[in-house]
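Spelled out from the first residue to the last, the chains are:
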Amino acid sequence: MNPHDFIAKWRSATLKERSGSQSHFNDLCALLGVADPATADPTGEWFAFEKGTSKSGGAIGWADVWRRGCFAWEYKGPGKSLDNALNQLLQYRGQLENPPLLIVSDMDRICVHTNWNNTVQEVHEFPLNRMVDADTRDRLKRIFTDPEAFKPAKTRQALTEEAAGEFAAIAKRLRDRGHQADEVAHFVNRLAFCMFAEDVALLPDHLFTKMLEHSRSREGVFEDNARKLFAAMAQPDGSVGFDPVDWFNGGLFEDDQALPLTTADVKDLLKAARRDWSAIDPSILGTLFERGLDPDKRSQLGAHYTDHAKIMMIVQPVIIDPLEAEWQRSWEAASGAFTRAEHTAEQTIAKASARADLADEIMALRASFRDPRQLELFEGLSGQKRVRELDAIRAGLREASRNMQAARAAAKQVRDEYLLRLRNFRVLDPACGSGNFLYVALTALKDIEHRVNIDAEQLGIERSAPEVGPEAVLGIELNPYAAELARVSVWIGEIQWMRRNGFAAARNPILRPLNTIECRDAVLNPDGSRAEWPAADVVVGNPPFLGNKLMISGRRATKTKAATSGLGEAYTTALRNAWPDVPGGADLVCYWFAKAWEMLAAGTLTRAGLVATNSIRGGVNREVLKPIVSLGQIYEAWSDESWTVDGAAVRVSLTCFDAEQSGNAILDGVPVGRILADLSAERSGVDLTLAVPLAVNECVAFQGPVKVGPFDVPGNMAREWLLLPSNPNGRSNADVVQPLLNGMDITRRPSGRWIINFKEMSASEAALFEAPFEHTLSVVKPIRDGNRDEFRRDHWWQLGRSGRLVSDACRNVSRAIFSPRVAKHRLFVWGSAATLADSAVIAIARDDDTSFGILHSRFHELWSLRMGTSLEDRPRYTPSTTFETFPFPEGLTPNIPAAAYADDPRAQAIAAAAARLNALRENWLNPEDRVLRVPEVVPGYPDRLLPRDEAAAKELKKRTLTNLYNARPQWLLNAHAALDAAVADAYGWGADWRAGSLTDDEILARLFRLNQARATV
């Protein structure tokens, strides 16, 4: 068929939809040179007419034509609404496998609607008279051969980011003119929603854009024009001129208040209004707008945000999976009963059909008799049988019909009861921010409701209208900007869902009041008592990430971390008093876990899913998870994931829990039997979270002191002070200036910095060390004067912590072992006992190679990785959880002087392997032909290692322990293997180790049993 024949035939066609659609489509296939459905796919598995029939035998009519992976196509007759056709496809697109293109047409035009997720939807129209154009035909052919050619380039995220940036600029200008931040936020939210309402046809005839165009012609008229529009939106039966306006209300349009805008502002708004606001993404809209509207968050405008997929890692297991499983269980029984009744009815009908044929034959035979006596005899012999058979047929059909009706009625009751439950289901986010979780939860509930209706419809049960709405989601949020944005996000999400699925938005009012999103504190009432949460079925969200040490003072912004404002000492004290069951040193997020578990234990909540920094797995934070694990369960968790909060990337744990004890769980996407409080799986029948500190390990490992100020100085400055004459007290500056070791000195190259440490001296004692004291007075004191801690302000010359414990412990050893508190690899190095470890380093007061070797063995590494937490993706080492709980081999424990086991063959073997490992590493780090050894200016400290020349310096920069352990050359692997074998022998596990039967889980189980045995001694 050529284009002219096609146009001529269908221009004058008056066929109705059903009689003309398949003929039109087959002609179109012929015109485009593609095979029609019957030719391409005779089975109808992937390309078919009339896709979609119900189990009850009647056609639902999901689509007139369907091609898997390409399109769903619905026809309408002449003069019928193509919008109705599109709504039909939207309602059933899930059953049609979500094709990328939704196509509606009559005989005069074809409209192609794109249907990709996370893109700004586009519409492409092809009128009949354009079919002569080869380019038009080529584009149409691509819906069969290359639907990706229609995929929109712009994502919803990109659109939302651009729109948020434009509104942030307008909001900033309004604040710069002296308007209060809260009134600016409310006003800008109204403007944004007007643009959305206009693009989804809730504001008629581009009324908002017309208002802007009229306002740009004269300076100063915008405020009056906007007031007229807002007043109309705030009341039933409103109008602007002769244009009626629907009632919006909902709290966003409760009055006519507007702020004045300049002509330049209005022009910027017009630019923003020309975007397709119907495709805006509510899952990120609130976050981006909050950053633009809240003066405290404006610096985060260009930062990343948490995406939809991450939120679904909580919403899926807490809301979607359980509700869908619940429906599936109920519906399988109901639909199964209907299917059996339907099958029985079909069999009855088949039998009735056969019996009806027999009855017809009998009636024909009866008519053949002419003699009354023969007829009487025939009636006597067979008539009674015939009557009985016909009565049985009628009774069987009536029974089959009654059974089907009863099964359908029972299924409808199951559907109605489930929908009632779903419509009463409530999701609470008690730290909802700008509504990201609430939006995703609402759309999930509406998706489930839609699926339930579709399932029931296939049994011939009439569909009910969607009733799950914004009232299903509850929120608590302290920030008023975020609370209002949460409401806006939920409203937009509700309207978008209705439109995406072929339903009309609510009316009178359009916006239901969302008093369910409260603006208040979620954990503490103004009177200092515990805050209560509204009744809900589930709790989801990401509560504020504020560490214990920052709850009072907060944190300045850095390159990798956003600034936080502390809660203040009074609030923090009141919070801890109100929640005595939460450990005093726990992070702020722990209070949300405690409250969720309280409600679960009381039976007022069914499930909870919360996000926390991954430190929830360890230390005192872990205590809030222990009752959940012992009395309920963590049924799904992601132990260490990337997340974005306030524009900063952090590492988090996602924890879903309830009060059940099913014994089945999923950890990091893998099924496990049980998830423990450290968010690890129970293996080999042990729970490592029950490991306890051992008395034999006490007072050996210490975190270095916190500086709280720039007490560290370059090595050349320190050496100048060390070479000065004695001070007025007759003492050298060496008494208060010592080498400093920080984490990067271990993992990279030594920085050579020293530190001023007046220990616990009084100010008058410290002043006698002239040069160090004057430096501290001029450099440190101005910073400490602003410290919120009174003691640290008054004792500005002292480190934040004196480090006395670690200094006292190291006084009795010739050298000490040091390890970075947070590092990619668990590394241990030797250092001078006179060196001061800073707060990022753990100092271990042991000077024997045996202790060094045990700590650097695979056994201790495994234990420390499982017992410790992590910072982002780097494991954390602590004296309490990783060192003090570790069971050293019997007879080689840290409470025993090294001299006492010097003759033990086990200790000697470990010491030899450890010394060999250390020597090889030192030779690689500092090769003799690349370094010069320079004695330190004062005795008692190791030599300085300096590069021999520029080439050596360049080479040495690459020689770091991190780079070495990243590469792990064979010689390093061999050295560690020898060390591990010696340590295995010391435990008495040497044979199993060499046989390869000691798995990581078995090693941890054996170490745990040793820990428990020694804890009772």
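Sequence order as written defines residue numbering, which begins from 1 separately in each chain. The model is predicted, so local features are restricted to residues of pLDDT at least 70 and side-chain atom pairs to those at 80 or more, both for listing and for counting; the totals for chains, interfaces and linings are taken over all residues. No hydrogens and no water enter the side-chain calculation; it runs on all heavy atoms of the structure.

Here's the deal with the overall build of the chain
Filter applied, for reference: Only DSSP runs of H or I reaching four residues or more are called helices, and only runs of E reaching two or more are called strands; each is numbered from the N terminus. We call two residues in contact whenever any of their non-hydrogen atoms come within 4.5 Å of each other. Per-residue and other accessible areas were derived by the Shrake-Rupley procedure at a 1.4 Å probe size, with only the shown protein chains allowed to occlude residues.
A count of helices and strands for the chain gives 34 helices and 31 strands. In the chain, the proportion of contacts linking residues at least 24 apart, taken out of those at least 6 apart, comes to 70%. Accessible surface, the chain as shown: approximately 44,600 Å² in total, 51% of it carbon and sulfur.

Structural notes on empty space enclosed by the protein
Note the cut-off: In the cavity and pocket records, a cavity denotes points on a 1 Å grid over the protein atoms alone where a 1.4 Å probe fits but cannot get out, a pocket denotes an open set with protein on both sides within 12 Å along at least 5 of 7 lines, and lining residues are residues with an atom within 4 Å of a point. Grid points are joined across faces, edges and corners, and a volume is the space filled by probe spheres set on the points. Here the term charged refers only to Asp, Glu, Lys and Arg, the term nonpolar to Ala, Val, Leu, Ile, Met, Phe, Trp, Tyr, Cys and Pro, and the term polar to all other amino acids, Gly among them.
Summed over all chains, the structure comprises four cavities of 30 Å³ or more. By volume, the largest cavity is sized at about 60 Å³. Along its surface, the largest cavity is lined by P470, W491, E494, I495, A506, I510, L511 and R512. Looking at side-chain class alone, the lining of the largest cavity contains six nonpolar, no polar and two charged residues.

A few points about the pattern of salt bridges
Stated formally: The working definition used for a salt bridge is a side-chain nitrogen of Lys or Arg within 4 Å of a carboxyl oxygen of Asp or Glu. We call a residue buried when its accessible area falls under 20% of the maximum for its residue type, exposed when it is over 50%, and partly exposed in between, using a 1.4 Å probe and counting protein chains only.
Counted under the stated rule, the structure contains 57 salt bridges. Two residues, R190 and E254, come together in a salt bridge whose shortest N-O distance is 3.5 Å. Residue R190 is located in helix α7 (residues 181-199), and its partner E254 is located in the loop between β8 (243-245) and α10 (263-273); the two are separated by 64 residues in the primary sequence. When the shortest N-O distance is used, the salt bridge between R811 and D808 registers 2.8 Å. On the basis of relative accessibility, which here comes to 27%, the residue D808 falls in the partly exposed class. Taken together, the shared-partner salt bridges connect R530, E532, D581, K595 and E598 into one network.

Regarding the packing of aromatic side chains
For clarity, the threshold we go by: Only centres within 6.5 Å qualify two rings of Phe, Tyr or Trp (six-membered ring in Trp) as a pair; their planes then separate them into stacked at under 30 degrees, edge-to-face at over 60, and tilted for everything else. Only when the NZ atom of a Lys or the CZ atom of an Arg is both within 6 Å of the ring centre and within 35 degrees of the ring normal do we say a charge sits over the ring.
Applying the stated criterion across every chain, the model contains 37 aromatic pairs. Ring centres of W327 and W331 lie 4.8 Å apart, and the angle between their planes is 15 degrees; on these two criteria the pair is classed as stacked. One end of the pair, W327, and the other, W331, are both in helix α12 (residues 308-368), four residues apart, so they sit about a helical turn from each other. Judged by relative accessible area, W327 falls into the buried class, the value being 1%. Since its relative accessible area comes to 7%, W331 is described here as buried. Through successive ring pairs, a cluster of aromatic residues spans F25, W46, F47, F49, F71, W73, Y75 and F144. Note that R530 overlies the ring of W579, its terminal NZ or CZ placed 3.9 Å from the centroid. Above the plane of the ring of W830 lies R815, whose end atom (NZ or CZ) is 3.4 Å from the centre.

Concerning the environment of R815
What counts is decided by this rule: Counted as a polar contact is a pair of N or O atoms within 3.5 Å, where, for protein atoms, one must be capable of donating a hydrogen and the other of accepting one, and residues adjacent in sequence contribute only when both atoms are in side chains.
Of note, R815 is situated in strand β24 (residues 815-820). Here R815 falls in the partly exposed class, since its relative accessible area comes to 25%. As a C-alpha pair, R815 and W830 span 15 residues in sequence and 6.9 Å in three-dimensional space. For R815, the contacting residues outside a window of four places in its chain are W830, G831, A833, R846, D847, D848 and D849. Among the polar contacts made by the side chain of R815, one reaches the main-chain carbonyl oxygen of D847 at a distance of 3.1 Å. Polar contacts involving the side chain of R815 include one to the side chain of D849, which spans 3.0 Å.

Quick word on the side chain of R1006
Among the secondary structure elements, R1006 is positioned in helix α34 (residues 1000-1015). Overall, the relative accessible area of 18% leaves R1006 in the buried class. For R1006, the residues in contact, after removing those within four places along its chain, are W989, D992 and L998.

Section: helix α17 (residues 569-578)
Definition in use: Arc definition: it is the arc formed by the directions from the helix axis to the C-beta atoms.
Taken together, the buried positions of α17 are occupied by T572, L575 and A578. Viewed along the axis of α17, the buried residues span an arc of 130 degrees, placing them on a single side of the element. Counted as exposed and oriented over 90 degrees from the buried face of α17: E569, A570 and N577.

Focus on the sheet that holds strand β2 (residues 63-67)
Strands belonging to one sheet form pairs held by backbone hydrogen bonds; the direction of such a pair is parallel or antiparallel. Under the convention used in this document: Whether two strands pair depends on DSSP finding at least two bridges between them. Think of each axis as a best-fit line through the C-alpha atoms, taken over the contacting stretch in the case of a helix, with angles from 0 to 180 degrees between the N-to-C directions.
The mixed open sheet is built from six strands, whose spatial order is β1-β2-β3-β4-β5-β6. Every other strand in the sheet has two partners, leaving β1 (47-51) and β6 (123-127) as the edge strands with one partner each. Strand-to-strand twist in this sheet, taken as the mean axis angle between neighbours without regard to direction, amounts to 20 degrees. Across five bridges, the pairing between strand β4 (residues 101-105) and strand β5 (residues 109-114) is antiparallel. Bridging from a neighbouring strand, S105 pairs with I110 of β5. Along the sheet face, helix α4 (residues 82-92) touches β2, β3 (71-75), β4 and β5 and points at about 150 degrees away from the line of β4.

A word on the side chain of R275
Note that R275 resides in the loop between α10 and α11 (282-293). The exposure class assigned to R275 is buried, which follows from its relative accessible area of 18%.

Let's talk about the sheet that holds strand β27 (residues 841-844)
Read across the open sheet, the four strands follow the order β20-β27-β24-β25; overall the sheet is antiparallel. Looking along the sheet, the strands with just one partner apiece sit at the ends: β20 (701-703) and β25 (829-832). In this sheet, neighbouring strand axes are inclined to one another by 35 degrees on average, regardless of whether the strands run parallel or antiparallel. Sheet analysis places β24 next to β27, joined by four bridges and oriented antiparallel. Considered in β27, the bridge of P820 is made with V841.

Notes on the environment of D1000
With respect to the helices and strands, the residue D1000 is situated in helix α34. Note on D1000: relative accessible area 36%, which makes it partly exposed. In the structure, D1000 is positioned 142 residues away from R858 in sequence and 9.2 Å away in space, judged by C-alpha atoms.

Overview of the nonpolar core
Generally speaking, soluble globular proteins have nonpolar side chains that are buried together. What counts, and what does not: By convention a nonpolar core is built from buried Ala, Val, Leu, Ile, Met, Phe, Trp, Tyr and Cys residues, the set being connected through side-chain atoms within 4.5 Å.
Among the nonpolar cores identified, the biggest contains 108 residues, and F193, F222, F248 and I319 are the most heavily contacted of them. Here the element with the most residues in this core is α12; it accounts for 15 residues. With 64 residues, the next largest nonpolar core counts A809, A845, I854 and L972 among its residues.

Description of the confidence of the model for the chain
Just so we agree on the cut-off: The predictor reports its confidence for every residue as pLDDT, a score running from 0 up to 100.
In the predicted model, the chain carries a mean pLDDT of 87, and the fraction of residues at 70 or more is 89%. Contacts for the low-pLDDT stretch residues 298-304, under 50 throughout, to residues beyond four places or in other chains number 17 contacts.

Looking at a negative patch on the surface
Applied cut-off: Each patch is built from residues lacking any salt bridge and having more than 30% relative accessible area; the joining distance is 9 Å for like charges and 5 Å for nonpolar side chains (Val, Leu, Ile, Met, Phe, Trp, Tyr). As used throughout, the charge tally considers Lys and Arg to be positive and Asp and Glu to be negative, leaving His and the chain termini uncounted. A single reference atom marks each charge: NZ on Lys, CZ on Arg, CG on Asp, CD on Glu.
A surface patch of like charges, here negative, comprises E569, D789, E790 and D794. Among the structural elements, E790 can be located in helix α24 (residues 790-794). Residue classification places E790 among the exposed positions, given a relative accessible area of 53%.

Considerations on the pairing of strand β15 (residues 607-613)
Burial runs high along β15: seven of the seven residues are buried. The alternating pattern of β15 places R607, G609, V611 and T613 and A608, L610 and A612 on opposite faces, both of which are buried. Across four bridges, strand β12 (residues 538-541) lies against β15 in parallel orientation. By the bridge assignment for β15, V540 is matched with G609.

A word on the environment of H825
Considering the arrangement of structural elements, one finds H825 in the loop between β24 and β25. Taking relative accessible area as the criterion, H825 reaches 12% and is therefore assigned buried. H825 sits 136 residues away from L961 along the chain, and the two C-alpha atoms are 8.9 Å apart.

Section: unusual backbone geometry
Among all residues except glycine, the phi angle is most often negative; among peptide bonds, the trans geometry is most common. The phi dihedral of E97 falls on the positive side, at around 65 degrees, and the residue is not glycine. The residue E97 is located in the loop between α4 and β4 in this model. What makes E97 partly exposed here is its relative accessible area of 47%. Unlike most non-glycine residues, K759 shows phi in positive territory, near 50 degrees.

What about helix α15 (residues 480-500)?
Put simply, the rule is: Here the expected length of a helix is defined as 1.5 Å per residue gap, with one fewer gap than residues.
Here α15 is 21 residues long and its end C-alpha atoms lie 30 Å apart, about the 30 Å a rise of 1.5 Å per residue gives. Burial within α15 is extensive, with 17 of its 21 residues counted as buried. Downstream of α15 by a residue or two, G502 has a phi angle that is positive, lying close to 80 degrees.

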